[in-house]
Amino acid sequence: MAKKTLASLSSADVSGKRVLVRADFNVPLDGDHKITDDTRIRAALPTIQDLTSKGAKVILSSHFGRPKGEVKEEMRLTPVATRLSELLGQPVIKCDDCIGDEVAAKIGSMQNGQVALLENVRFHAEEEKNDPAFAEKLAANADLYVNDAFGTAHRAHASTEGVTKYLSPSVAGYLIEKELQYLQAAIEKPQRPLAAIVGGSKVSSKIGVIETLLDKVDKILIGGGMIFTFYKARGLSVGKSLVEEDKLDLARELEAKAKEKGVAFLLPTDVIVADNFAPDANAQTVSIENIPEGWMGLDIGPDSVKVFQEALSDCKSVIWNGPMGVFEFDKFAAGTDAIAHTLASLTGTGASTIIGGGDSVAAVEKVGVADKMSHISTGGGASLELLEGKTLPGIAALDDA
Ligand SMILES: Nc1ncnc2c1ncn2[C@@H]1O[C@H](COP(=O)(O)OP(=O)(O)OP(=O)(O)O)[C@@H](O)[C@H]1O
Ligand SMILES: O=C(O)[C@H](O)COP(=O)(O)O
């Protein structure tokens, strides 16, 4: 679906205009509220700088985390404003809300070429409900709309979808344009065997993706918090590990469907368990049949790494979303590190490797092999849904080219 892009707008189209830019600044933070990976912020710079250089007033909007419609101090976008200002080399006007009088006043006094950052849109429950009145309020402070939030393009929310009904033109930014160009080409004609590696902690929103992936890929490797729902569905004890109780039937169906379709479906054979969720927790490696009561699985084990490496060795394309373990804690980073190195070597043999997702990219950056991958996507769930062949609502809502 061809969409109108920012590249098609001239200086005359944007100069002096208030441009609402939806970005995905949902970046990983450490316990001290420091950004541990700024890939998503840097990825938004081409759009922001293009607009400022053309004399636009750039009003940035993003969500951060899942505050569920409430103001959560730890989910304010203040660290993002600071980092963005450093990267842009100019001040960023930080608003304490995303709608209302204070925002209107700050935007009203903006000069051409200035940049403002609205507060976390998800502090309002109406955002995720795609409430039209809220979308209209967001739009009230702008003249036109640029969506560059590829990582959030799979969400039909007020700031990604609803707002397009009140602003014209509504166009795609440079990041969305670049992501679509790369991912669509990789998805439409993948070199085979094609493997998907799915991990991370967003089990309920990503487990369903596996079903559609079974129609597209030759191999599926599951890691991260996702695995325990499958083990529990097999009747194994998983201790205090992350489990989605209402997805147990789905997990059983997915394993059966993979078998039926002849798709290799790989779950780890061993895991590293911890006695609590902490960097200095006591840890031990156990087979998946022996997860002790009261312990939780926080990484895949060394035997699983070997099994996964073997399965990946002949793959010509690999798409990876979701870390293999809690890589933020060194004790539970080995599985993610090993898979990152494996993909880096595969790229060296000519395979196409795509890494998607806020934390997945952070993990690959941490290992220092990001530049060895074919493509680093800012979208995790979004790139998976694109791979599934789904229409991303945040892109579908933009003006046609
Ligand atoms: N076994 C586990 N138990 C709990 N959390 C886990 C486990 N394994 C990985 N994680 C956590 O998963 C998180 C990342 O998952 P997530 O699904 O958000 O990936 P992502 O790459 O950020 O994708 P997206 O961009 O879609 O959010 C990390 O913070 C990591 O600590
Ligand atoms: O990190 C992501 O995948 C995006 O920022 C979307 O976040 P969400 O899964 O909370 O909608």
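Procedures and definitions
- Residues numbered from 1 in each chain as written.
- Chains lettered and ligands numbered in written order.
- Predicted model: local features only at pLDDT ≥ 70, side-chain atom pairs only at ≥ 80, totals over all residues.
- Heavy atoms only, no water.
- Near = heavy atom within 4 Å.
- Polar contact = N/O pair within 3.5 Å; in protein donor to acceptor, adjacent residues only side chain to side chain.
- Areas by Shrake-Rupley, 256 points an atom, 1.4 Å probe, with all protein chains shown as cover.
- Helix = DSSP H or I, 4+ residues; strand = E, 2+ residues; numbered from the N terminus.
- Nonpolar A, V, L, I, M, F, W, Y, C, P; charged D, E, K, R; others polar.
- Salt bridge = Lys/Arg side-chain N within 4 Å of Asp/Glu carboxyl O.
- Buried < 20%, exposed > 50% of the residue type's maximum accessible area, 1.4 Å probe, protein only.
- UniProt positions renumbered as here; feature names shortened; annotations may be inferred.
- Contact = heavy atoms within 4.5 Å.

**Student:** What is the right way to read the site of ligand 1 from this model?
**Tutor:** Lining the immediate environment of ligand 1, one finds 22 residues, of which Lys-202, Lys-206, Glu-328, Asp-359 and Ser-360 sit closest. The separation between an oxygen atom of ligand 1 and a polar side-chain atom of Lys-202 is 2.6 Å. A distance of 2.9 Å is found between an oxygen atom of ligand 1 and a backbone nitrogen or oxygen belonging to Gly-381. Burial of ligand 1 by the surrounding chains reaches 90%, relative to a free accessible area of 650 Å². Here the element with the most residues in the shell around ligand 1 is helix α13 (residues 358-367); it accounts for 3 residues. Its residues assigned to classes, the shell around ligand 1 shows 4 nonpolar, 13 polar and 5 charged.

**Student:** How should the pattern of salt bridges be read in this particular structure?
**Tutor:** Pairs can form between side chains of opposite charge whenever their charged atoms are close. All chains considered together, the criterion is met by 23 salt bridges. Measuring nitrogen to oxygen at the nearest pair gives 2.7 Å for the salt bridge that ties Glu-119 to Lys-94. Residue Glu-119 is found in the loop between β4 (115-117) and α5 (125-128), and its partner Lys-94 is found in strand β3 (residues 92-94); the two are separated by 25 residues along the sequence. Across this residue pair, the class does not change: Glu-119 and Lys-94 are buried. Between Asp-314 and Lys-219 there is a salt bridge; the shortest N-O distance is 2.9 Å. Residue Asp-314 is located in the loop between α11 (302-312) and β13 (317-321), and its partner Lys-219 is located in strand β8 (residues 219-222); the two are separated by 95 residues in the primary sequence. A relative accessible area of 38% means that Asp-314 is categorised as partly exposed. A cluster of three or more residues bridged by salt bridges with shared partners is formed by Asp-38, Arg-42, Arg-83 and Glu-86.

**Student:** Would you explain the site of ligand 2 in this entry?
**Tutor:** As a structural note, the neighbourhood of ligand 2 is formed by Asp-24, Asn-26, Arg-40, His-63, Arg-66, Arg-122, Gly-151, Arg-155 and Lys-202. Here an oxygen atom of ligand 2 and a side-chain polar atom of Arg-155 are 2.6 Å apart. Contact between ligand 2 and Lys-202: an oxygen atom at 2.9 Å from a side-chain N or O atom of the residue. Alone, ligand 2 offers 310 Å² of accessible surface; in the complex the protein occludes 94% of this. Here the shell around ligand 2 is composed, by residue class, of no nonpolar, 3 polar and 6 charged.

**Student:** What am I meant to see in the UniProt feature "binding site: ATP" (unreviewed entry) in the chain here?
**Tutor:** UniProt tags Lys-206, Gly-297, Glu-328, Gly-357, Gly-358, Asp-359 and Ser-360 as "binding site: ATP" (unreviewed entry). In this fold, Gly-297 is placed in strand β12 (residues 296-300). On the basis of relative accessibility, which here comes to 10%, the residue Gly-297 falls in the buried class. Among residues more than four places away in sequence, those in contact with Gly-297 are Phe-228, Ser-241, Ile-272 and Val-273. Summarising the element assignment, Glu-328 is placed in the loop between β13 and α12 (334-348). With relative accessibility at 46%, the residue Glu-328 sits in the partly exposed group.

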